[in-house]
Amino acid sequence: MKDTHRGLLSRARAELDDLSSPYWVGGLGLVAGIVGLAAPVVIGLAGAGMLAEGVMTLLVLLVLHVKFVTEIPARRASGWWIVAVQAWLTYLPLTVFGAVWTPVCGLLTGALLVMAGRIRSIVLVALALACGPVVLAAPEPATIHPLWAVAAPLVGIAEYAVVTLAGRARRLGEARTEVMRRAVALERRRFTRDLHDLVGHRLTVLVLKVQLLDRLVAERDAKAQDEVGEVLELLRNLSADVRAVAHGLRSSSLAAELGSARSLLESVRVRCQIRVSCRDLPAEVEEALTHALREGVTNVLRHAEARQCSVHLLERDQMVRLTIRNDGVRPPRRPGEAGQGLLNLAERVSGLGGWLEATSSRSGQFTFSVYVPRKK
């Protein structure tokens, strides 16, 4: 029951937020302005005894006007015929209904100003501002209401301001929604990538350690107790990695990862040689290389029966290169298909202006290299 009430309150609050948006406020302002302008016309038509035909003509004019000023700005070509019909319904009925019809000149001014704003035309602006005053030159002054004719430009400008502000409010709302959608997509992508790169590596190592521990226990080896301690440490690191991924924290250390890679490879009887000739790398470069080293070692453990592995971290001409070379490569199950880890790594490295290279030989040698510029 509480959840139902909360859901109803949330929906009601969302609807109230929508109604209070500038777009809806602008729409209500437009409707109020049109009603305020149409009221004296209807009253005048009733006094002149032409209520039925006048109201029908006014309704057609208002429908066309509202359709035009609220349509999508990109549809410019389809609006000219509406403006033409509206101009015809503005001036021709003056000869029938007389001075009571003069206020609708303000609607034509507003429509022309909206069109001028869409096509960026100064000539159209001048024409719009002349829609009301031009009727003062009518041969029969009694058929024109001078005050409404002079006020028509002000009415049109007010309507143009309301329509323009409402349209901008809607576009800003759509842009904000798009920004939020992209932010959510990027965060989801970051979470998926970090979950694979961090947690996936730890789980791979953990599986290998458990397999080793199972063998040592079966052989009653004294090293079993040491392996238990390492498994517990891996579980603690895994828990810390999950928290880091969830909170978007980054605490990778390239030096620590190099030591961990040596220890891990040697624990599964892979001779490891590490050579480092560059220090004090920028944080984002070190972060990318740490993930590259982790991914390379994981691939050695998963996809090779390696006996030797070398890791070289070198720098030349402001270009940092990490190379991992190993033997004992097994043929891939699906040739030519890159794993998700390599795709994630390529995304990280390309963001820094770097790239990946991977080559294999017939003798089972595999070389994986990552190039990252020191300065982007």
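This text goes with the structure placed above it.
Residues numbered from 1 in each chain as written. Predicted model: local features only at pLDDT ≥ 70, side-chain atom pairs only at ≥ 80, totals over all residues. Heavy atoms only, no water.

Student: Outline the nonpolar core, supporting the account with residue identities and numerical values.
Tutor: Counting 37 residues, the largest nonpolar core has Leu58, Phe68, Trp101 and Leu112 as its most contacted members. Looking at this core, the elements that each hand over two or more residues are helix H2 (22-48), helix H3 (51-70), helix H4 (80-91), helix H5 (94-97), helix H6 (105-119), helix H7 (122-129) and helix H8 (146-218). Here the element with the most residues in this core is H6; it accounts for nine residues. Setting aside residues no more than four positions away along its own chain, Leu112 makes contact with Val83, Leu124, Leu127, Ala128 and Cys131. (Core = buried A, V, L, I, M, F, W, Y, C linked by side-chain atoms within 4.5 Å. Buried < 20%, exposed > 50% of the residue type's maximum accessible area, 1.4 Å probe, protein only. Helix = DSSP H or I, 4+ residues; strand = E, 2+ residues; numbered from the N terminus. Contact = heavy atoms within 4.5 Å.)

Student: Outline the packing of H4 against H6, listing residues and values.
Tutor: At a minimum axis separation of 9 Å, H4 and H6 run at an interaxial angle of 160°. The angle between H4 and H6 places the two elements in the roughly antiparallel class. As for how H4 packs across H6, the hand of that crossing is left-handed. Residues Trp80, Val83, Gln86, Ala87, Thr90 and Tyr91 of H4 pack against Cys105, Leu107, Leu108, Ala111, Leu112, Met115 and Ile119 of H6. Here the residues of the contact of H4 with H6 sort into 11 nonpolar, two polar and no charged. (Axes fitted to C-alpha atoms, helices over the stretch in contact; angles between N-to-C directions. Parallel < 35°, antiparallel > 145°, perpendicular 65-115°, else oblique. Left-handed = near helix turned anticlockwise from the far one by under 90°. Nonpolar A, V, L, I, M, F, W, Y, C, P; charged D, E, K, R; others polar.)

Student: How would you sum up the packing of helix H10 (residues 254-267) against helix H11 (residues 283-303)? Please name residues and give values.
Tutor: Where H10 contacts H11, the axes come no closer than 9 Å and their chain directions differ by 10°. On the basis of the axis angle, H10 is roughly parallel to H11. Counting all contacts with H10, which are made through Leu254, Glu257, Leu258, Ala261, Leu264 and Leu265, the residues of H11 involved are Glu286, Leu289, Thr290, Leu293, Arg294, Val297, Val300 and Leu301. Partitioning the contact of H10 with H11 into residue classes produces 10 nonpolar, one polar and three charged.

Student: Go over the packing of aromatic side chains with me, naming the residues and quoting the values.
Tutor: The final tally for this structure, using the stated rule, is two aromatic pairs. Plain terms: the ring middles of Trp355 and Tyr371 are 5.0 Å apart, the flat faces sit at 15° to each other, and that makes the pair stacked. One end of the pair, Trp355, is in strand S4 (residues 355-360); the other, Tyr371, is in strand S5 (residues 366-373), with 16 residues separating them in the sequence. You can call Trp355 partly exposed: its relative accessible area is 39%. For Tyr371, a relative accessible area of 16% corresponds to the buried category. Its guanidinium or amino end placed over the ring of Phe68, Arg118 lies 4.9 Å from that ring's centre, counting from NZ or CZ. (Phe/Tyr/Trp six-rings, centres within 6.5 Å; stacked < 30°, edge-to-face > 60°. Lys NZ or Arg CZ within 6 Å of the ring centre and 35° of its normal.)

Student: Account for the pattern of salt bridges, naming residues and giving values.
Tutor: Any two side chains of opposite charge can pair, given that their charged atoms come close. In total, this model carries four salt bridges according to the counting rule given. If you follow the salt bridges from partner to partner, you end up with Glu178, Arg181 and Arg182 in one network. (Salt bridge = Lys/Arg side-chain N within 4 Å of Asp/Glu carboxyl O.)

Student: Got a sec to walk through the sheet that holds S5? Specific residues and values, please.
Tutor: Strand order in the open sheet made by the five strands is S1-S2-S3-S5-S4, with mixed pairing throughout. Each having just a single partner strand, strand S1 (271-276) and S4 make up the two edges of the open sheet. Between one strand and the next, the sheet's axes are offset by a mean angle of 10°, whatever the strand orientation. As judged from the eight bridges shared by strand S2 (residues 308-316) and strand S3 (residues 319-326), these two strands associate in the antiparallel manner. Residue pairing for S3: Leu313 is matched across the bridge by Leu322. Against the sheet, H10 engages S1 and S2, with an angle of about 160° to S1. Taken strand by strand, H11 contacts S2, S3 and S5, and its axis lies near 10° from that of S3. (Pairing = 2+ DSSP bridges.)

Student: Give me the lowdown on a nonpolar patch on the surface, citing residues and values where you can.
Tutor: On the surface, Leu129, Leu154 and Ile157 cluster together into a nonpolar patch covering about 270 Å² of accessible area. Considering the arrangement of structural elements, one finds Ile157 in helix H8. With a relative accessible area of 41%, Ile157 lands in the partly exposed category. (Patch = residues over 30% accessible without salt bridge, like charges linked within 9 Å, V, L, I, M, F, W, Y side chains within 5 Å. Areas by Shrake-Rupley, 256 points an atom, 1.4 Å probe, with all protein chains shown as cover.)

Note that all results are geometric; they support no functional claim without further evidence.
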